[in-house]
Amino acid sequence: MHTLSGHLVLPDRILSGSLTFSSTIHTVAEGRDVPDRYILPGFIDGHVHGGNGADTMDGVEAIHTLSKFHASHGTTTILPTTITRPWADVMETLRAVAEVVRTQIPNGPVVHGAHLEGPFVSPHKLGAQPPYAIAPTPDRVAEALSTGCVKVVTLAPELPYAEDAINQFVAANVRVSMGHTVASYEQTEKAVCQVCAAGGIAGATHLFNAMAPISSRKPGPVTALMCSDAYAEMIFDTHHVHPATFRLAHKVMENRLLFVTDAMRATGMPEGPSQLGGQDVIVKDGAVRLPDGSLAGSVLTLDVALRNALQAGTPLTQAAALLSQNPARYLGLTDRGTLEVGKRADYVVMDSAFMVQEVWVGGQRIH
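Everything numeric in this text was worked out from a predicted model, so none of it was measured.

Enquirer: Even after reading the chapter, I still don't get the overall build of the chain, so can you show me in this structure?
Expert: A tally of regular secondary structure across the chain gives ten helices and 21 strands. Here the chain has a C-alpha radius of gyration of 19 Å; the compact-globule value for 367 residues is 21 Å, and the two agree. Based on the C-alpha atoms only, the size of the chain along its principal axes is roughly 60 × 45 × 40 Å. Looking at the 367 residues of the chain, the share that counts as buried comes to 58%. Sequence separation of at least 24 residues holds for 68% of the intrachain contacts in the chain that already meet a minimum separation of 6. Summed over its atoms, the accessible surface of the chain is roughly 14200 Å², and 49% of this surface lies on carbon and sulfur atoms. One way to put it: in the chain the 26 positive side-chain charges average out to a point 3 Å from where the 34 negative ones average out.

Enquirer: What exactly am I supposed to notice about the packing of aromatic side chains here?
Expert: To describe a pair of aromatic rings, one takes the distance between the centres and the angle between the planes. Scanning the model with the defined rule gives eight aromatic pairs in all. Taken together through their ring pairs, the aromatic side chains of F21, Y347 and W360 make up a single cluster.

Enquirer: Explain the pattern of salt bridges to me, please; I cannot follow it from the model alone.
Expert: Close approach of charged atoms allows side chains of opposite charge to pair. The tally for this structure, following the rule as stated, stands at nine salt bridges. In this structure, D303 and R307 form a salt bridge, with 3.6 Å as the shortest nitrogen-oxygen distance. Residue D303 and its partner R307 are located together in helix 8 (residues 302-311), separated by four residues, close to a single helical turn. On the basis of relative accessibility, which here comes to 22%, the residue R307 falls in the partly exposed class. Residue D335 pairs with R336 through a salt bridge whose shortest N-O separation is 2.9 Å. You can call D335 partly exposed: its relative accessible area is 30%. Overlapping salt bridges, with partners in common, bring together R37, E358 and R365 in one network.

Enquirer: Just to check I follow, could you spell out the sheet that holds strand 16 (residues 272-276) for this structure?
Expert: Paired through their backbone hydrogen bonds, the strands of a sheet run either parallel or antiparallel. Taken in spatial order, the three strands make up an open sheet running 16-17-18, and their pairing is antiparallel. The sheet is open, and its two edges are formed by strand 16 and strand 18 (287-289), each paired on a single side. In this sheet, adjacent strand axes meet at a mean angle of 35 degrees when their direction is disregarded. The pairing of strand 16 with strand 17 (residues 279-284) spans five bridges and is antiparallel. Of the residues in strand 17, the one forming a bridge with L276 is Q279.

Enquirer: I would appreciate a short explanation of helix 7 (residues 243-253) in the present structure.
Expert: An α-helical turn contains 3.6 residues, so any two residues separated by three or four positions project in the same direction. Taken as a whole, helix 7 has its buried residues at F246, A249, H250 and M253. Burial along helix 7 is one-sided: seen end-on, the buried residues are contained in an arc of 100 degrees. Residue E254 follows helix 7 closely and has a positive phi angle near 50 degrees.

Enquirer: Looking at this structure, how should I read the nonpolar core?
Expert: Soluble globular proteins tend to bury their nonpolar side chains together. Formed by 85 residues in total, the largest nonpolar core has its most connected members in L94, F120, V176, L207, F246 and F259. If you tally residues by element for this core, the top one is helix 2 (residues 87-103), at eight residues. If sequence neighbours within four positions are ignored, F259 has contacts with I44, M234, F236, F246, L302, A305, A309, L322 and L323. Formed by 13 residues, the second largest nonpolar core is a distinct cluster that contains L4, L8, L10 and I39.

Enquirer: I'm lost on the layout of surface pockets in this one. Help?
Expert: The probe, sized like a water molecule, is rolled over the atoms to show the empty space still left. Counted as a void, the largest pocket has a volume near 250 Å³. G127, A128, H180, L295 and G297 are the residues nearest the centre of the largest pocket, which is lined by 19 residues in total. For the lining of the largest pocket, the class distribution of residues is seven nonpolar, nine polar and three charged. Of the pockets and cavities examined, the second largest pocket occupies roughly 210 Å³. If you go around the second largest pocket, you meet 15 residues; those closest to its centre are D55, M57, D58, R85 and R265.

Enquirer: What should I look at first to understand the environment of E117 in this one?
Expert: Relative to the helices and strands, E117 resides in the loop between strand 10 (114-116) and helix 3 (138-145). Judged by its relative accessible area of 1%, E117 is buried. Distance in space between the C-alpha atoms of E117 and G179 is 8.6 Å, their sequence separation being 62 residues. Among all residues touching E117, those that are not within four sequence positions of it are H47, H49, T81, T82, Q129, T154, H180, T205, H206 and D262. Within the structure, the side chain of E117 is placed 3.0 Å from the side chain of H180, a separation counted as a polar contact.

How each quantity is defined
Counting of residues starts from 1 at the beginning of each chain's written sequence and follows it residue by residue. A pLDDT threshold of at least 70 governs which residues receive local features in this predicted model, and a stricter bar of 80 or more applies before side-chain atom pairs are shown or counted, although totals over entire chains, interfaces and linings include all residues. To get the side-chain values, take all heavy atoms of the structure and skip hydrogens and water. Every helix listed is a DSSP run of H or I at least four residues long, and every strand listed is a run of E at least two residues long, numbered separately from the N terminus. Radius of gyration: over C-alpha atoms. The globule rule applied is 2.2 Å multiplied by the number of residues raised to the 0.38 power. Buried means the residue's accessible area, taken with a 1.4 Å probe over protein chains only, is under 20% of the maximum for its type, while exposed means over 50%, and partly exposed covers the values in between. Any two residues whose heavy atoms approach within 4.5 Å at even a single point are treated as in contact. All accessibility values rest on the Shrake-Rupley procedure with a 1.4 Å probe; residue burial counts only the protein chains present in the view. Lys and Arg are tallied as positive, Asp and Glu as negative. Neither His nor the chain termini are counted. Taken as the charge centre is NZ of Lys, CZ of Arg, CG of Asp or CD of Glu, depending on the residue. Only the six-membered ring of Trp is used, alongside the rings of Phe and Tyr, when aromatic pairs are assigned; centres must lie within 6.5 Å, and planes under 30 degrees apart are stacked while those over 60 apart are edge-to-face, with the rest tilted. When a carboxyl oxygen of Asp or Glu is within 4 Å of a side-chain nitrogen of Lys or Arg, the pair counts as a salt bridge. Think of it this way: DSSP has to see at least two bridges between two strands before they count as a pair. Helix axes are fitted to C-alpha atoms over the stretch in contact, other axes to C-alpha atoms as well, and angles between N-to-C directions run from 0 to 180 degrees. The arc in question is formed by the directions pointing from the helix axis toward the C-beta atoms. Put simply, a nonpolar core is a bunch of buried Ala, Val, Leu, Ile, Met, Phe, Trp, Tyr and Cys residues held in one set by side-chain atoms that sit within 4.5 Å of each other. Points on a 1 Å grid, built from protein atoms alone, make a cavity when a 1.4 Å probe fits but cannot get out and make a pocket when they are open with protein on both sides within 12 Å along at least 5 of 7 lines; residues with an atom within 4 Å of a point are the lining residues. Grid points are joined across faces, edges and corners, and a volume is the space filled by probe spheres set on the points. Classes in brief: Ala, Val, Leu, Ile, Met, Phe, Trp, Tyr, Cys and Pro nonpolar; Asp, Glu, Lys and Arg charged; the others, Gly included, polar. Polar contact is the term for a pair of N or O atoms within 3.5 Å; when the atoms are in protein, one must be able to donate a hydrogen and the other to accept it, and sequence-neighboring residues count only if both atoms are side-chain atoms.

Here it is, written out as structure tokens:
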């Protein structure tokens, strides 16, 4: 049995007190004279390609490296994410993620499964994805699902076979996330309705990025997603989304908005040249760009996203929910995401400046 004291960030308030726990939380109690530190639910990153020089596409050892790196920044549950590459490479990566899910990572975060971001995306909205987009045919979807590790899939709903793919993924309890798409408002709304009618939960991959913007006469996919019951990822490094745009989305979507990093291998490394999916990129002033100047993933960590949200005026309880409670609800992880009795003992301990001091996973201190 362990005890941690500090300012506990609960879903509805900040409570000065203590937690007692083993692998799960036993008590949440008010107290006095607690250390001047904050205890938050562990962060959940549902979209992360790499970090500390490693990339999900590099295989098992790299997944260990990037996962431990992000754990040091507060991530206690992680979904290593593929990129659009030849199908054989994608399948090899999914098998690697499946192996890590089976064995897990000592002194690391929980690897919940894979986010299959490529290759079922539009060739006309690749963003920084390499040009290997393909259609989600029934055979390909079945092959991906056979690994047993796919938990989220990014899908452009206008692609051939998309309707069949949505039904296959929903039947396998995979979250279907609309993204890297040239779909219209109507096509996006139809896809979200199809996901919901099939009993699934719809999402959006990095809302506002790699999709058409909102305009007065063409509301586009962003409007369809914000006005539906879909959840939406956001890369809040302040490069991908302006703080005012974040505040608008948060005001409309509230607990359906969740932060992800979309971090690449250069995260945590010195700025300069790097690679993403075999493409040369440059990291400068905290942003990752292709040679043509287009944004190409991020070097964000979730503790930085938290501080950005606080800087944008978000109350601490709501900011914490963007990294824990909201993604847990989206992914169906009912055993984590809040500091409540019976939940997993996954925590981030932060000082008064919201810098990470300690990270706990399942009641074990890993950082």
